[in-house]
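# Observations on the three-dimensional arrangement
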Amino acid sequence: MTDTAEAKTSNMETHSALPPEETERLSGEIVAALKTVFDPEIPADIYELGLIYKVDLKDDRGVDVVMTLTTPNCPAAGELPTMVENAVASVPGVGVVNVNLVWDPAWSPDRMSDEARLVLNMW
């Protein structure tokens, strides 16, 4: 049976039979790891920028990440997905990490958190 639970954020999902306390720990640590990844041209992390559309934690501890970039012409397009994969894979207890880069829906500044807006002075 699949248990779907939302963690601390709206784009973190679990489809996992892991114990709830382990799911919560992994979810929090995955989000923290994602917040260590920055677009080289923007002084805000990719999580607060709203570039992470979905994080799915599976029964086998594998993690699927759906993300986008600010633009298809982003100079960091080649490196950011690998940086995300490495950051999530560094969380103790995480299995295989798959990062899927998508363009639909297109990213827009309204996806940014208040924290990112403050850092970028975009009020």
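As named in an unreviewed UniProt entry, the protein is FeS assembly SUF system protein, taken from Bradyrhizobium canariense.

## What to know about the overall build of the protein
Helix and strand counts for the protein stand at 3 helices and 5 strands. When the helices and strands of the protein are placed in sequence order, the string is β-β-α-β-β-α-β-α. For the protein, the proportion of its 123 residues judged to be buried stands at 41%. For the protein, the share of sequence-separated contacts (at least 6 apart) that also reach a separation of at least 24 residues comes to 60%. Accessible area for the protein stands at about 6,500 Å²; split by element, carbon and sulfur atoms hold 53% of it.

## Points about the packing of helix H1 (residues 20–34) against helix H2 (residues 80–89)
As a packed pair, H1 and H2 sit with axes 8 Å apart at the nearest point and diverge in direction by 145°. Helix-helix and strand crossings are classified by hand; for H1 and H2 the assignment is right-handed. Contact residues: H1 offers Ile 30, Ala 33 and Leu 34, while H2 offers Val 84, Ala 87 and Val 88.

## A word on unusual backbone geometry
Between Asp 104 and the following residue, Pro 105, the backbone shows a cis peptide bond with an omega angle of 5°. Here Pro 105 shows up in the loop between strand S5 (97–101) and helix H3 (114–120). Not every positive phi belongs to a glycine, and Arg 61 is a case in point at roughly 75°. Turning to its location among the elements, Arg 61 is positioned in the loop between strand S3 (52–58) and strand S4 (63–67). On the basis of relative accessibility, which here comes to 25%, the residue Arg 61 falls in the partly exposed class.

## Side note on the environment of Leu 34
Note that Leu 34 resides in helix H1. Those residues within four positions of Leu 34 in sequence are excluded, and the remaining contacts are Ile 46, Tyr 47, Ile 52, Val 55, Val 84 and Val 88.

## Regarding the confidence of the model for the protein
Here the protein shows a mean pLDDT of 86. Residues at 70 or above account for 86%. Long-range and interchain partners of residues 1–9, a stretch whose pLDDT sits below 50, account for 16 contacts in this model, where long-range means more than four residues apart.

## Quick word on the environment of Leu 118
Tracing the backbone through its elements, the reader meets Leu 118 in helix H3. For Leu 118, a relative accessible area of 59% translates into the label exposed.

## Structural notes on the nonpolar core
Ile 30, Leu 34, Ile 52, Val 63, Val 84, Val 88 and Val 94 are the most contacted members of the largest nonpolar core, which totals 34 residues. Those elements that provide at least two residues to this core are H1, S3, S4 and H2. Residues contacting Val 63, with those up to four places away along its chain left out, are Ile 30, Val 55, Asp 56, Leu 57, Val 88, Val 94, Val 96, Val 97 and Asn 98.

## A few points about the side chain of Thr 68
Of note, Thr 68 is situated in the loop between S4 and H2. Aside from chain neighbours lying at most four places away, what touches Thr 68 is Leu 51, Tyr 53, Leu 101, Val 102, Trp 103 and Trp 107.

Rules used in this analysis
Residues numbered from 1 in each chain as written. Predicted model: local features only at pLDDT ≥ 70, side-chain atom pairs only at ≥ 80, totals over all residues. Heavy atoms only, no water. Helix = DSSP H or I, 4+ residues; strand = E, 2+ residues; numbered from the N terminus. Buried < 20%, exposed > 50% of the residue type's maximum accessible area, 1.4 Å probe, protein only. Contact = heavy atoms within 4.5 Å. Areas by Shrake-Rupley, 256 points an atom, 1.4 Å probe, with all protein chains shown as cover. Axes fitted to C-alpha atoms, helices over the stretch in contact; angles between N-to-C directions. Left-handed = near helix turned anticlockwise from the far one by under 90°. pLDDT = per-residue confidence, 0-100. Core = buried A, V, L, I, M, F, W, Y, C linked by side-chain atoms within 4.5 Å.

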